[in-house]
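Observations on the model geometry
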Amino acid sequence: MTVGCATTSVVPESLEPQIDTALTFSQVLASPDSYRGKIVAWGGEVLRAKAMKDGTQLEVLQLPFGDEQGPVTDRMESKGRFLALQKEFLDPATMTDGTRVTIVGEITGASVGKMDEADYRFPTVEVKHLHRWDPRLVDGSRAPGPWWGLFGGVGFGTGGGT
């Protein structure tokens, strides 16, 4: 994982030392059960959110990190999909298709499900931290117009990053 500005990290400081930064998504995809209990930070785009009896399950298209620990927007860079279980209820309407996320989670194994008509083995993680990216931020650039700054107050985006 590439860490951006230390002052604007989307990963809580308490979780950063627990993350296995050497472990790649491809390694977990190949053998999810081998990495149970490991903590990872993955980026991606929500494809589907589903309310479950024990939380909310997100089907996420994995995307590598770009700037500021956010996922890139080019779907062709994906290495696959994963399922993330948020133990607390999260209304699926708030995680619409295309929502970009950074997830810190504990690997819990794999689950076989359907991708269209094919069986697919999804690596699974239990969410420890979920960061939703502002849809106005694309590739780390702020869209023009007023927006609320990190510490409150209105700022004006000019298309440049921070």
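Residues numbered from 1 in each chain as written. Predicted model: local features only at pLDDT ≥ 70, side-chain atom pairs only at ≥ 80, totals over all residues. Heavy atoms only, no water.

Here the protein chain shows a mean pLDDT of 84. Residues at 70 or above account for 78%. In the predicted structure, residues 1-7 sits below a pLDDT of 50 and forms nine contacts with residues beyond four places in sequence or in another chain. Contacts from residues 139-162, a stretch scored under 50 in pLDDT, to residues over four places away or in other chains number 34 contacts. (pLDDT = per-residue confidence, 0-100. Contact = heavy atoms within 4.5 Å.)

Another aspect to go through is unusual backbone geometry. At Asp116, a residue that is not glycine, the phi angle is positive and equals roughly 60 degrees. Structurally, the position occupied by Asp116 is in the loop between strand 4 (100-115) and strand 5 (118-132). The class of Asp116 is exposed, set by a relative accessible area of 76%. (Helix = DSSP H or I, 4+ residues; strand = E, 2+ residues; numbered from the N terminus. Buried < 20%, exposed > 50% of the residue type's maximum accessible area, 1.4 Å probe, protein only.)

This part takes up the side chain of Ser78. You can see Ser78 is positioned in the loop between strand 2 (55-63) and strand 3 (81-86). Looking at Ser78, its side chain comes within polar contact range of the main-chain oxygen of Gln62, at 2.7 Å. Among all residues touching Ser78, those that are not within four sequence positions of it are Leu61, Gln62 and Leu63. (Polar contact = N/O pair within 3.5 Å; in protein donor to acceptor, adjacent residues only side chain to side chain.)

Bringing the pattern of salt bridges into the picture now. Evaluated as defined, the whole model comprises seven salt bridges. The shortest N-O distance in the salt bridge between Glu106 and Lys128 comes to 3.5 Å. On the criterion of sequence distance, the pair formed by Glu106 in strand 4 and Lys128 in strand 5 is long-range, its members being 22 residues apart. Classification of Glu106 by relative accessible area gives partly exposed; the value is 27%. The class for Lys128 is partly exposed, based on a relative accessible area of 39%. (Salt bridge = Lys/Arg side-chain N within 4 Å of Asp/Glu carboxyl O.)

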